[in-house]
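What follows is each chain in one-letter form.
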Amino acid sequence: MPDAPNYTYHSETYGRPALQTSATQAWPGLRVERFQLEAMALPAHFHAQHLLIIHQGRQPVGSSRRSGPRTEQDRFHFGDAGLYPGGEYGALAWDGPADVIHVHLDAQHLETQARQGLDLSYFALHDRFRLQDGLLTQLGQQLLTAAGREHALGG
């Protein structure tokens, strides 16, 4: 089995470790992390993995990001999520404390898994700055809970 690619995860970008992480789990193509962050801004950046961010904070937080010449802004509430396929992203910022779950999905691993049961020539996720999906919120919370257990997810 080939070695896992060496990715930069957001714990490295934020300059602090995740409060919870699945890094010790043998979950190929998947990492789950939880962060509690103060208001901050990040410069333009790149992430190789697809990233789902699920907001857990009780207080709404305003967020903005630059995408070329335009700026997107929205308020994220508990359960809101953002879906960001691997790639380059402009600067982003949020204006208050954020409690978030990050679900990193390896793009190549996800594409391989999707093709195993389907006749696909290409698999793509589409960028969503903010979305609401209660099932994704539950999935993120359950993955985070499982990450702290020995032999999680049938491992």
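Below: a short report on this structure. Keep in mind that what you see is a predicted model, and the values were worked out from it rather than measured.

## Section: the packing of aromatic side chains
Across all of its chains, the model carries three aromatic pairs by this definition. Ring geometry for Tyr14 against Phe35: centres 4.9 Å apart, planes inclined by 85°, an arrangement best described as edge-to-face. Residue Tyr14 is located in helix α1 (residues 10-14), and its partner Phe35 is located in strand β2 (residues 30-37); the two are separated by 21 residues in the primary sequence. On the basis of relative accessible area, Tyr14 is assigned to the buried category, the value being 10%. On the numbers, 6.1 Å between centres and 80° between planes, the contact of Tyr14 with Trp94 is edge-to-face. Residue Tyr14 is located in helix α1, and its partner Trp94 is located in strand β10 (residues 92-94); the two are separated by 80 residues in the primary sequence. By the burial criterion, Tyr14 is buried, and Trp94 matches it. Clustering of aromatic rings is evident, with ring pairs tying together Tyr14, Phe35 and Trp94. The aromatic ring of Phe78 is capped on one face by Arg58, whose charged end is 4.4 Å from the ring centroid.

## As for the sheet that holds strand β6 (residues 61-67)
Consider a sheet: its strands pair through backbone hydrogen bonds, and that pairing is either parallel or antiparallel. Pairing within the open sheet is antiparallel, and its four strands lie in the order β3-β10-β6-β7. Every other strand in the sheet has two partners, leaving β3 (40-42) and β7 (70-76) as the edge strands with one partner each. Taking each pair of neighbouring strands and ignoring which way they run, the sheet shows an average axis angle of 15°. In terms of strand pairing, β6 meets β10 through three bridges, oriented antiparallel. Of the residues in β10, the one forming a bridge with Arg65 is Leu92.

## Here we look at the nonpolar core
Grouped together as the largest cluster of nonpolar side chains are 15 residues, with contacts concentrated most on Tyr14, Phe35, Leu37, Ile53, Tyr84, Trp94 and Val100. Of all the elements in the fold, those that place two or more residues in this core are β2, β3, β5 (50-55) and β11 (98-105). Core analysis: the second largest hydrophobic core is formed by 12 residues, Leu83, Ile101, Leu143 and Ala147 among them.

## Focus on the pairing of β2
As paired strands, strand β1 (residues 20-21) and β2 are joined by two bridges and run antiparallel to one another. Within β2, the position partnered with Thr21 by the bridge is Glu33. In terms of strand pairing, β2 meets β11 through eight bridges, oriented antiparallel. Residue pairing in the sheet places Leu37 in a bridge with Ala98 of β11.

Reading the values: the criteria
- Numbering of residues starts from 1 in every chain and runs along the sequence as written.
- In keeping with the model being predicted, local features are shown solely for residues with a pLDDT of at least 70 and side-chain atom pairs are shown and tallied solely at 80 or more, while totals for entire chains, interfaces and linings include all residues.
- Excluded from the side-chain calculations are hydrogens and water; all other atoms, namely the structure's heavy atoms, are used.
- Between rings of Phe, Tyr and Trp, where Trp is taken as its six-membered ring, a pair exists when centres lie within 6.5 Å; planes separated by under 30 degrees are stacked, by over 60 edge-to-face, and by other angles tilted.
- Think of it this way: any DSSP run of H or I at least four residues long counts as a helix, any run of E at least two long counts as a strand, and we number them from the N terminus.
- Only protein chains enter the accessibility calculation, which uses a 1.4 Å probe; a residue is then buried when its area is under 20% of its type maximum, exposed when over 50%, and partly exposed in between.
- We call a charge positioned over a ring when the NZ of a Lys or the CZ of an Arg lies within 6 Å of the ring centre and within 35 degrees of the ring normal.
- We treat two strands as partners when DSSP finds at least two bridges between them.
- The axes are straight lines fitted to the C-alpha atoms, using for helices just the contacting stretch, and the angles between their N-to-C directions are given from 0 to 180°.
- Take the buried residues of types Ala, Val, Leu, Ile, Met, Phe, Trp, Tyr and Cys, join any two whose side-chain atoms come within 4.5 Å, and each joined set is a nonpolar core.

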